[in-house]
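The lines below spell out each chain.
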Amino acid sequence: TAAAPGAAKEESPFTPARSTGYNRYDALTQPLADGRRCFAVADGFVSAALAAELRAMGGRMDDAGELRPAGVGTGPTRRQDAAARGDRIAWLPSATEEFPLSIVLRQFAALRDALAGSAPRWAPMRGGEIKCMLACYPTGSRYVKHRDTSPLCPDRVATAILYLNADWTSGDGGELAIHPDEGSSATVAPAAGRLVVFDSRTEHEVLEFRGRERWAITGFLYRAETAASPPPSHGPKILVAIASYRDEECPHTVDALFASA
Ligand code: OGA
Ligand code: NI
């Protein structure tokens, strides 16, 4: 039976806030403001019509051969491994006047500004860069547990993902599973118009997708460069290849080493 309207819903740090309404960011910023939750979900971030336009844009880019198999890992250990990550991707321009991408870029920027103004933890991304990626997961693909930050890519603050799948059903799988803590997780269905935003350090994965094609646009929201963070050095670099980086424990060990270096 359905819960009575207004009935108290279970509240936990991992309960996503759900809302509808175009261009209303409160439902995304408020649940994240106090730091208890690490992600928020809103339906209708874009209209069904705009989601369809974006999906069609993806199809055109794919037909033009612009999508490439995605890689895993960063720096010298970057490689392709379709069993670990099966999507094809294209990086999108960070500025364009061209519909429909122009609309989404504007909305991601508005979301960034709303988040940055909503809580101290998000303030560093005020005015920061946004890099957007179009991704298509074919039948049978997935993306194993990972974080969107790494020692070599530490400046992502939040990840925002807009889904474009108008006819998604639960039989298709391909949910985003978010793992805020050891042993707890929540899943988000990749339904058209839905936006999920989370702290880029949070572990997450794309569960095996059994439908035909799963489309999404991911925006990585970066911290703005500040005087406190020096510009990237163009001096000599030391590259260290870590052969065991794929081992479950290794990224955490490397994180810890960098943090205490
Ligand atoms: C990513 C990612 C999740 C999704 O691209 O880093 O985790 O739901 N995507 O598409
Ligand atoms: Ni990710």
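Residues numbered from 1 in each chain as written. Chains lettered and ligands numbered in written order. Predicted model: local features only at pLDDT ≥ 70, side-chain atom pairs only at ≥ 80, totals over all residues. Heavy atoms only, no water.

**Q** Would you mind showing me how to read the side chain of serine 200 here?
**A** Along the polypeptide, serine 200 turns up in the loop between strand 9 (195-199) and strand 10 (203-206). Its relative accessible area of 0% is what places serine 200 among the buried residues. Of note is the side chain of serine 200, whose polar atom sits 2.9 Å from the side chain of threonine 159. Those residues in contact with serine 200, other than ones at most four positions away along the chain, are Arg147, Asp148, Thr149, Arg156, Val157, Ala158 and Thr159. (Helix = DSSP H or I, 4+ residues; strand = E, 2+ residues; numbered from the N terminus. Buried < 20%, exposed > 50% of the residue type's maximum accessible area, 1.4 Å probe, protein only. Polar contact = N/O pair within 3.5 Å; in protein donor to acceptor, adjacent residues only side chain to side chain. Contact = heavy atoms within 4.5 Å.)

**Q** What should I look at first to understand unusual backbone geometry in this one?
**A** Of all residues except glycine, most have a negative phi; of all peptide bonds, most are trans. The step from phenylalanine 99 to proline 100 runs through a cis peptide bond, and the omega angle for that step is 5°. Positionally, proline 100 belongs in the loop between strand 3 (88-91) and helix 3 (101-116).

**Q** Please clarify how the coordination of the nickel ion (ligand 2) should be interpreted in this entry.
**A** The coordination sphere of the nickel ion (ligand 2) contains the protein donors His146 (NE2), Asp148 (OD) and His204 (NE2), at a distance range of 2.0 to 2.2 Å. Going along the chain, you hit the donors of the nickel ion (ligand 2) in the pattern H-x1-D-x55-H. In this pair, histidine 146 is assigned in strand 5 (residues 143-146) and histidine 204 in strand 10, connecting sequence segments 58 residues apart. Assigned by exposure class, histidine 146 and histidine 204 land together as buried. (Donors = N, O, S within 2.8 Å, 3.2 Å for Na, K, Ca; no water.)

**Q** What exactly am I supposed to notice about the nonpolar core here?
**A** Buried together is how nonpolar side chains tend to be arranged in soluble globular proteins. Leu28, Phe108, Leu162, Leu195, Val197 and Ile217 are the most contacted members of the largest nonpolar core, which totals 40 residues. Within the residue set of this core, elements represented by two or more residues are helix 1 (26-33), strand 1 (39-42), helix 2 (48-63), helix 3, strand 4 (130-138), strand 6 (156-163), strand 9 and strand 11 (213-222). With eight residues, the single largest contributor to this core is helix 3. Not counting the four nearest positions on each side in its chain, leucine 162 is found in contact with Phe45, Val46, Leu54, Val104, Phe108, Gly193, Arg194, Leu195, Ala216 and Ile217. Grouped together as the second largest cluster of nonpolar side chains are 12 residues, Cys38, Val41, Leu176 and Ala186 included. (Core = buried A, V, L, I, M, F, W, Y, C linked by side-chain atoms within 4.5 Å.)

**Q** What should I look at first to understand the site of ligand 1 in this one?
**A** In the region of ligand 1, the neighbouring residues are Arg85, Met133, Tyr143, His146, Asp148, Ile161, Tyr163, Leu176, His204, Val206 and Arg214. Between ligand 1 and aspartate 148, the relevant distance is 3.1 Å, taken from an oxygen atom to a side-chain nitrogen or oxygen of the residue. In this structure, arginine 214 approaches ligand 1 through a side-chain N or O atom, which is 2.7 Å from an oxygen atom. In the complex, the protein chains occlude 98% of the 290 Å² of accessible area that ligand 1 would expose alone. Looking at side-chain class alone, the shell around ligand 1 contains six nonpolar, two polar and three charged residues. (Near = heavy atom within 4 Å. Areas by Shrake-Rupley, 256 points an atom, 1.4 Å probe, with all protein chains shown as cover. Nonpolar A, V, L, I, M, F, W, Y, C, P; charged D, E, K, R; others polar.)

**Q** For this particular structure, what's the right way to read the pattern of salt bridges?
**A** Should the charged atoms of two oppositely charged side chains come close, the side chains can pair. For the structure on display, the rule yields 10 salt bridges. Two residues, arginine 121 and aspartate 199, come together in a salt bridge whose shortest N-O distance is 2.9 Å. One end of the pair, arginine 121, is in the loop between helix 3 and strand 4; the other, aspartate 199, is in strand 9, with 78 residues separating them in the sequence. We classify aspartate 199 as buried; its relative accessible area is 6%. When salt bridges that share partners are traced, they join Arg55, Arg212 and Glu213 into one network. (Salt bridge = Lys/Arg side-chain N within 4 Å of Asp/Glu carboxyl O.)

**Q** It is not clear to me how the sheet that holds strand 3 should be interpreted in this structure. Could you clarify?
**A** Strand pairs in the sheet, formed through backbone hydrogen bonds, run parallel or antiparallel to each other. The strand order across the open sheet built from seven strands is 1-9-6-11-4-3-2, with neighbouring strands paired in antiparallel fashion. Both outer strands of the open sheet, strand 1 and strand 2 (68-69), are each paired with one neighbouring strand and no more. Pairing of strand 6 with strand 9, which is carried by five bridges, proceeds in the antiparallel orientation. Across the sheet, the residue bridging to alanine 160 is valine 197, located in strand 9. Along the sheet, helix 2 makes contact with strand 3, strand 4, strand 6 and strand 11, crossing strand 11 at roughly 100°. (Pairing = 2+ DSSP bridges. Axes fitted to C-alpha atoms, helices over the stretch in contact; angles between N-to-C directions.)

**Q** What is the right way to read the environment of leucine 54 from this model?
**A** With respect to the helices and strands, the residue leucine 54 is situated in helix 2. We classify leucine 54 as buried; its relative accessible area is 0%. Spatially, the C-alpha atom of leucine 54 lies 6.2 Å from that of proline 100, the residues being 46 residues apart in sequence. Excluding anything up to four places from it in sequence, leucine 54 contacts Pro100, Leu101, Val104, Leu162, Leu164 and Ile217.

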